[in-house]
Amino acid sequence: MSANPFLDPALVHGDLYCTDDRLAERTRALRQAKIAGRNVAQVVVDLLAQRTSPGAVVLDIGCGRGTTTLRIAASLRPRRLIAVDASAALLDTVRTRLAQADEVGSAVCADFHHLPLPDSMADAAVAAFCLYHSTTPAAGVAEIARCLRPGGVAVLVTKSLDSYAELDHLVQAANLDPDAVSQPSLYESFHSGNLVNIAATHLAVLDVLHEQHVFEFADATHLARYLATTPKYRIHPVGGPADLAAILRKRLPVPPYPTRSTVSYALAARP
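Calculation notes
Residues numbered from 1 in each chain as written. Predicted model: local features only at pLDDT ≥ 70, side-chain atom pairs only at ≥ 80, totals over all residues. Heavy atoms only, no water. Helix = DSSP H or I, 4+ residues; strand = E, 2+ residues; numbered from the N terminus. Contact = heavy atoms within 4.5 Å. Salt bridge = Lys/Arg side-chain N within 4 Å of Asp/Glu carboxyl O. Buried < 20%, exposed > 50% of the residue type's maximum accessible area, 1.4 Å probe, protein only. Pairing = 2+ DSSP bridges.

Chemist: Kindly report on the environment of Gly152, identifying the contributing residues and their values.
Modeler: Among the secondary structure elements, Gly152 is positioned in strand β6 (residues 148-159). C-alpha separation for the pair Gly152 and Ala56, spaced 96 residues apart in sequence, amounts to 9.9 Å. In contact with Gly152, not counting residues within four places along its chain, are Asp123, Ala268, Ala269 and Arg270.

Chemist: So what's going on with the pattern of salt bridges? Residues and values would help.
Modeler: The full count for this structure, using the stated rule, is 11 salt bridges. A salt bridge links Arg77 to Glu103; the nearest nitrogen and oxygen atoms lie 3.1 Å apart. Of this pair, Arg77 sits in the loop between α4 (67-76) and β3 (80-85) while Glu103 sits in the loop between α5 (88-100) and β4 (106-109), and the two are 26 residues apart along the sequence. Judged by relative accessible area, Arg77 falls into the partly exposed class, the value being 45%. The closest approach of N and O atoms between Glu166 and Arg260, which form a salt bridge, is 3.7 Å. One end of the pair, Glu166, is in helix α7 (residues 165-173); the other, Arg260, is in strand β8 (residues 257-269), with 94 residues separating them in the sequence. Owing to a relative accessible area of 28%, Glu166 belongs among the partly exposed residues under this scheme. Each member of the salt-bridge network shares a partner with another, and the members are Glu25, Arg28 and Arg225.

Chemist: Explain the pairing of β8 to me, and be specific about the residues and the numbers.
Modeler: With 10 of 13 residues buried, β8 is to be regarded as a mostly interior element. Sheet analysis places β6 next to β8, joined by seven bridges and oriented antiparallel. Looking across to β8, one finds that Thr158 is bridged to Ser264. When strand β7 (residues 204-217) meets β8, the two strands line up antiparallel, connected through 13 bridges. Its bridge partner being in β8, His213 is matched across the sheet by Ser261.

Printed below as a string of structure tokens:
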């Protein structure tokens with residue numbers, strides 16, 4: 001088992017994404033805590049719009065719950081939109097959300113290291129917050145490049161190594177995980193610092209953006225909702241989020257609880 005849960009195949013293909021619930025709750029908690037930083041899906045669409053036109057074929061690799069997929073469908077009006085993820089449960093959510101929004105797209109269940117797609121079939125691709133699940137993210141970039149037509153573009157998105165580091169100190173101070181500060185970053189394999197070098201292994205990097213996102217958890221209940229769904233910490237069993245919140249309330253200073261993350265984007269093209 002890897003020390004980093006994002007690099008543990010058993011977890012990635014098991015508890016982390018075997019249902020929609022855990023990712024959905026973590027996303028909601030972060031979204032409600034966010035006080036600064038642009039909408040990631042909109043930034044992705046804006047970057048793609050610089051290099052694509054309506055009628056393009058677009059891939060959303062590691063699409064998760066489909067938030068970016070929906071934004072691409074509504075804003076870029078691609079001729080064909082393919083959402084790819086290794087989690088069948090998350091793809092079910094994507095299909096449902098597309099149908100509810102009256103948007104058209106297909107879903108493919110696949111590992112991004114081995115995309116079951118033809119060479120040079122896409123005009124654009126997105127890989128947002130997924131390549132850090134690979135010990136060899138350059139192999140994922142190679143697959144994306146293979147699927148792009150010459151001149152086709154990709155937007156790769158990740159986070160900084162020190163994302164949410166303030167929470168490490170809170171978890172350790174609350175004695176929920178005494179080793180929280182020394183736990184490896186979830187983003188250690190593909191992060192803001194190595195994004196360009198890894199993208200450049202198979203693509204020509206055209207532009208890079210680094211944007212700081214700031215979050216503020218309003219109280220112990222809000223923080224517990226996030227901590228209960230992140231796999232980073234080895235929190236001793238305390239029951240559900242309500243039990244965790246009760247412990248945080250006793251052991252932490254008065255809220256709010258701020259934290260931050262750098263989100264990084266690389267716009268790149270297949271030569």
